[in-house]
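Structural overview for review
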Amino acid sequence: MATAARLDVAALRKDFPILGRPVRGRPLVYLDNAATTQKPQCVLEAILAYYRNDNANIHRGVHELSERATEAYEAARGKLRRFLNAAHAREIIFVRGATEGINLVAQSWGRTALGPGDEILLSHLEHHSNIVPWQMLRDERGAVLRVIPVLDNGELDLEAYERMLGPRTKIVAVTHVSNALGTITPVRRIIEMARSWGAAVLVDGAQAAAHLRVDVRALDCDFYVLSGHKVYGPTGIGALYGKAERLEAMPPYQGGGDMIESVSFERTTYNALPYKFEAGTPHIAGAVGLGAAIDYLEQIGLEPIAAHEHELLEYATQALGEVPGLKIFGTARDKAAVVSFTLEGVHPHDVGTILDQQGIAVRTGHHCAQPVMERFGVPATTRASLAMYNTREEVDALVAGLLHVREVFHL
Amino acid sequence: MINELYQEIILDHSKRPRNFGRLEDANRQARGYNPLCGDRCTLFLKESNGRIDEIRFEGSGCAISTSSASLMTEALKGKTVAEAEQLLKRFLDLVTKDQPLTEDLGKLTVFAGVREFPARVKCATLAWHTLRAALRDRGEVVSTE
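So, here is what we can say about the structure in this document. Here the residue index of a chain counts from 1 through its sequence in written order. Here every chain gets a letter starting at A, and every ligand a number starting at 1, in the order they are written. This being a predicted model, a pLDDT of at least 70 is required before a residue's local features are given, and a value of 80 or more before pairs of side-chain atoms are given or counted; all residues contribute to the totals for chains, interfaces and linings.

Next up on the list: the sheet that holds strand E8 (residues 200-204) of chain A. Residues and elements named next belong to chain A. A pair of strands is labelled paired if DSSP reports no fewer than 2 bridges between them. Starting at the N terminus, helices and strands are each numbered in turn, a helix being any DSSP run of H or I of at least four residues and a strand any DSSP run of E of at least two. Spatial strand order, E4-E10-E9-E8-E7-E5-E6: seven strands in an open sheet with mixed pairing. Strand pairing shows two members of the sheet lacking a second neighbour, strand E4 (92-95) and strand E6 (144-148), which therefore form its edges. The average angle at which neighbouring strand axes cross in this sheet is 20 degrees, direction not considered. Relative to strand E10 (residues 238-242), E4 runs antiparallel, the two being bridged by four bridges. Note on geometry: axes are C-alpha line fits, over the in-contact stretch for helices, and angles between N-to-C directions span 0 to 180 degrees.

Contacts between the two partners involve 13 residues from chain B and, on the opposite side, 13 residues from chain A. Its residues assigned to classes, the side of chain B that touches chain A shows nine nonpolar, three polar and one charged. Here, residues touch in the contact sense if the C-beta positions derived from the backbone fall within 7 Å of one another. Side-chain classes follow a simple rule in which Ala, Val, Leu, Ile, Met, Phe, Trp, Tyr, Cys and Pro form the nonpolar group, Asp, Glu, Lys and Arg form the charged group, and the remainder, Gly included, forms the polar group.

Residue and element names in this part refer to chain A. Considered for burial, the residues of helix H7 (residues 187-195) that qualify are Val-187, Ile-190 and Ala-194. Down the axis, H7 shows its buried residues gathered within 60 degrees of arc, on one side only. Residues of H7 that are buried in the fold lie against helix H6 (158-164), strand E7 (169-175), E8 and helix H8 (216-219). Once C-beta atoms are placed from the backbone, each residue is buried if 20 or more other C-beta atoms lie within 10 Å of its own, exposed if 12 or fewer, and partly exposed for counts between those two. It is the directions from the helix axis to the C-beta atoms whose arc is reported.

Another point: the nonpolar core. One nonpolar core equals one set of buried Ala, Val, Leu, Ile, Met, Phe, Trp, Tyr and Cys residues connected by C-beta atoms within 7 Å. One finds Val-172, Tyr-224, Ala-239, Tyr-241, Val-288 and Ala-293 of chain A to be the most contacted residues of the largest nonpolar core, which totals 123 residues. Among the elements that line this core, the one with the most residues is helix H10 (residues 284-300) of chain A, at ten residues. As annotated, the domain borders come from an automatic or database domain assignment. The residue makeup of this core includes at least three contributed by each of domain 1 (9-30 + 302-408) and domain 2 (44-299) of chain A. If we skip the residues at most four places from it in the chain, Val-172 of chain A touches Leu-121, Ile-190, Ala-194, Ala-199 and Val-201 of chain A. In terms of nonpolar packing, the next biggest core, distinct from the first, is built from 36 residues, Ile-10, Leu-76, Leu-87 and Phe-111 of chain B among them.

Have a look at this one:
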């Protein structure tokens, strides 16, 4: 295997204007990337340029601007297709984010495919967004929700999963990377195992897409969702990938303009993919910004990004491990750059406030994953999540910040 | 600024909360919950003839919410319900208003520093919102949201 080119972190930090901004009078140390990533200048410029030069509604007007807007929007779809290695652009549906993508599948696919007693398999690692839509569907359809257990190190218990699969399993909905623990799940294996029972598989890629190469055809998943704002793009835009034959068979999710072929008061026929699932004027500027973010990611390269983040994760794991009273949750062998921890004698919210005073941004709380917190017996943790632009110096700042937390608490 | 928030008395009460635990013969009780951070507070009151004879709390939370609950129980023991209502209003003013009256708030004035940390106001007020529910004898869980 060729070694990935090293990332020039100092140079790429200059692409992110916000990283030069002081916070609380200190240089910003942004370690909350699993919540949202910062945006490079090229994304900001693409959004501005779209509104300045091309703004119009899409798929409607015959005028110049409408054509340009449509072209920009569809070009972004094409970029996502390549980014995920989907076979066809019509397999990419623009949505508000991963949450909406999951709701779309649960409602549209689930309502037609699921009957009483059918089983939905989730994992104990899931974010609330990959739990609640399935509970709503379960209650509506009389289905059964089952949960794949997680081992003490944060990995999924695949033996238990194998035993849970069966003829009643209709869908397996599982995260690619755990937002709370950083575990990278063996989705390829999970999908293979589901296949032998004919179950569909949805992969929640919200935490994965910015950190590792996703190939939906190699994975052979039925659905894959991601959020634009977690891959250096704007908020309010994301994508659902679905296999064409699955999407073709599904009823529309929402009704409205653009998703129809013809409408009369008696009868409406629906538009083809992907428009069938894109009712109303979409977030055109968001799609354009997401397209620019993907160009940026591809230009830097996911492999060097992954290598840098992995090195930083190892450094952070070791450095944080030396802070007295600090306990790390999630020690999976295959792990993304997320370090979730508790500091003995100090509640995470107090840790977060004291770090914030030093310009260090981390997430504290249950990370919208209460079941996984409960599994590990903690109401909350502090989470540092790293991105391509983070440095060892920032990890050192976090460690110094935590030592200061201990001082404030006289520990 | 951080030391104005985490004053000695707050650290002391968060590490060794007073009046902590269940009160078996309570005749008023309420539960509070902050869904954003998961902090919980259950308050037990024994009230007779309009006076709070005994008050205890249980729960889990950060230093601000735990110390606030602890100092609140200290301040309320022996007070009348009307005095408790008055203190509740003054405390909420203390942590949210720019120029609150601080006289007669005693130890509770240490929470004035919370004003500078808008994200933490809910931590400081959780126990007090729970108190309001207990005084008005509403059985449901009160939420900070």
